[in-house]
Amino acid sequence: MSSDTHLSKEVFYMKAVDKNPPREFEEIVRRSEMIQRHQAEPSSVEELQYVPDPVLERRTLRKVDLNLIPILGALYSFALIDRTNLGFLYISGMAADLRMDIGDRYSISVMAFFVPYILLEIPSNLIIRLVGTSRWLSTIALLWGLTMVAMSYINTWEGIAGTRALMGALEAGFFPACAYLVSCWYTRREMQLRLACFYLMSVLAGGFASILAYGLYTLDGRDGRAGWRWILFVEGLITAGLAVIACLLIADFPDKNRFLNHEETKLIIQRINADRGDAEYDYMTWAKFRSYLLDFKIWCFGLLFFGSTVPSY
């Protein structure tokens, strides 16, 4: 590289520092280096060039929709049912059998879920890229389904609280991973509709949670098992079964997917780069993590989500 090129880069970085705060400056440098890297690789430049093809786009997006949204929505539906069914269990005989009506036992069991759930959401999303979405999401869903089955055999309220905490640790990685995965496949305009459909599926399924719980409660006394134990046992088996199916259906990240051909995969990556230029994986650093923590918009959205979620529990 010539001295003039070095000089031009130094001038560019100096101007960028003067005009932009640290976070924006990091993004400018990252994109500049990515452009320079692709300029040195002509074949990569061709890969990044986005040429709209409406027919190919419709066909490709239809395949992505079918491989992503239905199975994620179905699993998240049972994630919500599994975490919110403690009230149904309480009135179905658990309160009397495990003496959860004494003191704050019920409240402690409810709260035990959310402590690990809150603490492990961010670490889970850092792991998912290394493990792969289909393996990660199906594994944690299978484990929390089996945890539900195990809960049906517990005879103390402390055991219920402990397994609820384990469920919180397992479910912590699910919703953030789903939102992250959807954002990796669609442009910003398309993403909102898909997330809305994904969440709407869970809300609709949640509306039938009480009907499902009542139907399972009618098994009360069958094989010497209480109705609330049947609720846990059957709902846990359904979740575990969906997890096995999810392992085969859930799409991985665009650059690792197995259901699109090369042309369709290239189109997805081109569209994301044309829309916002972040199809390449951006590694987390402490500087980025700190800048995200200091972004007030994230806290505002978090507060809004907090307000809409609290009434559900």
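This write-up is about the structure you can find in this document. None of these values were measured; they are calculated from a predicted model. (Residues numbered from 1 in each chain as written. Predicted model: local features only at pLDDT ≥ 70, side-chain atom pairs only at ≥ 80, totals over all residues. Heavy atoms only, no water.)

**Structural notes on the packing of aromatic side chains**
Any two aromatic rings considered together are summarised by their centre-to-centre distance and by the angle between their planes.
At step 1: If you walk through the whole model with that rule in mind, you get 17 aromatic pairs.
At step 2: Here W144 and F174 contribute two aromatic rings whose centre-to-centre distance is 5.5 Å and whose plane-to-plane angle is 85°, an arrangement assigned as edge-to-face. One end of the pair, W144, is in helix α7 (residues 133–151); the other, F174, is in helix α9 (residues 174–185), and 30 residues separate them in sequence.
At step 3: Connected via pairs of aromatic rings, a cluster forms that spans Y76, W144, F174, F175, F198, Y199 and F305.
At step 4: When the ring centre of F253 is taken as reference, the NZ or CZ atom of R129 above it lies at 4.5 Å.
At step 5: The ring centre of F233 lies 5.1 Å from the NZ or CZ of R225, which sits over that ring. (Phe/Tyr/Trp six-rings, centres within 6.5 Å; stacked < 30°, edge-to-face > 60°. Helix = DSSP H or I, 4+ residues; strand = E, 2+ residues; numbered from the N terminus. Lys NZ or Arg CZ within 6 Å of the ring centre and 35° of its normal.)

**Focus on the packing of α9 against helix α10 (residues 188–207)**
At step 1: It is the contact of α9 with α10, at a shortest axis distance of 10 Å, that shows an interaxial angle of 150°. Between α9 and α10, the crossing angle belongs to the class labelled roughly antiparallel. The two elements α9 and α10 meet at a crossing, and its hand is right-handed. Judged by residue contacts, F175, C178, A179, V182 and S183 of α9 engage M191, R194, L195, F198 and Y199 from α10. (Axes fitted to C-alpha atoms, helices over the stretch in contact; angles between N-to-C directions. Parallel < 35°, antiparallel > 145°, perpendicular 65-115°, else oblique. Left-handed = near helix turned anticlockwise from the far one by under 90°. Contact = heavy atoms within 4.5 Å.)

**Considerations on a nonpolar patch on the surface**
At step 1: Together, Y199, L200, V203, L204 and F305 line one region of the surface with nonpolar side chains, adding up to about 460 Å² of accessible area.
At step 2: Here the nonpolar patch takes four residues from α10, the largest share from any one element.
At step 3: You can see L200 is positioned in helix α10.
At step 4: The partly exposed category is assigned to L200, whose relative accessible area is 48%. (Patch = residues over 30% accessible without salt bridge, like charges linked within 9 Å, V, L, I, M, F, W, Y side chains within 5 Å. Areas by Shrake-Rupley, 256 points an atom, 1.4 Å probe, with all protein chains shown as cover. Salt bridge = Lys/Arg side-chain N within 4 Å of Asp/Glu carboxyl O. Buried < 20%, exposed > 50% of the residue type's maximum accessible area, 1.4 Å probe, protein only.)

**Examining the packing of helix α6 (residues 105–131) against α9**
At step 1: Between α6 and α9, the shortest axis-to-axis distance is 8 Å and the interhelical angle comes to 40°. Of the possible angle classes, the one that applies to α6 and α9 is oblique. Crossing hand, α6 versus α9: right-handed. Along its contact with α6, which presents Y117, E121, N125 and I128, the element α9 presents F175, P176, A177 and Y180.
At step 2: Of the residues in the contact of α6 with α9, the class split is six nonpolar, one polar and one charged. (Nonpolar A, V, L, I, M, F, W, Y, C, P; charged D, E, K, R; others polar.)

**A closer look at the nonpolar core**
At step 1: Counting residues in each nonpolar core, the largest one holds 60 residues, and the members touching the most others are L68, L72, M94, L137, W185 and Y186.
At step 2: Element by element, the count of residues in this core is highest for helix α4 (residues 54–84), at twelve residues.
At step 3: The residues contacting L68, other than those within four sequence positions of it, are L181, V182, W185, Y186 and A251. (Core = buried A, V, L, I, M, F, W, Y, C linked by side-chain atoms within 4.5 Å.)

**Concerning the pattern of salt bridges**
At step 1: Across all of its chains, the model carries ten salt bridges by this definition.
At step 2: D65 is the salt-bridge partner of R194, the closest N and O atoms lying 3.0 Å from each other. One end of the pair, R194, is in helix α10; the other, D65, is in helix α4, with 129 residues separating them in the sequence.
At step 3: Owing to a relative accessible area of 13%, R194 belongs among the buried residues under this scheme.
At step 4: Put simply, E57, E190 and R271 are held in one network by salt bridges that share partners.

**Some remarks on the environment of L143**
At step 1: Looking at where L143 falls in the secondary structure, it is placed in helix α7.
At step 2: Taking the C-alpha atoms as reference points, L143 and G236, 93 residues apart in sequence, are found 9.5 Å from one another.

**Concerning the side chain of R225**
At step 1: Its place among the elements puts R225 in the loop between α11 (209–217) and α12 (227–249).
At step 2: The side chain of R225 is buried and forms no salt bridge, while D223, the nearest opposite charge, is found at 6.6 Å.
At step 3: Contact partners of R225, with chain neighbours within four places excluded, come to S152, Y153, L219, D220, W230 and F233. (Lys, Arg positive; Asp, Glu negative; His and termini not counted.)

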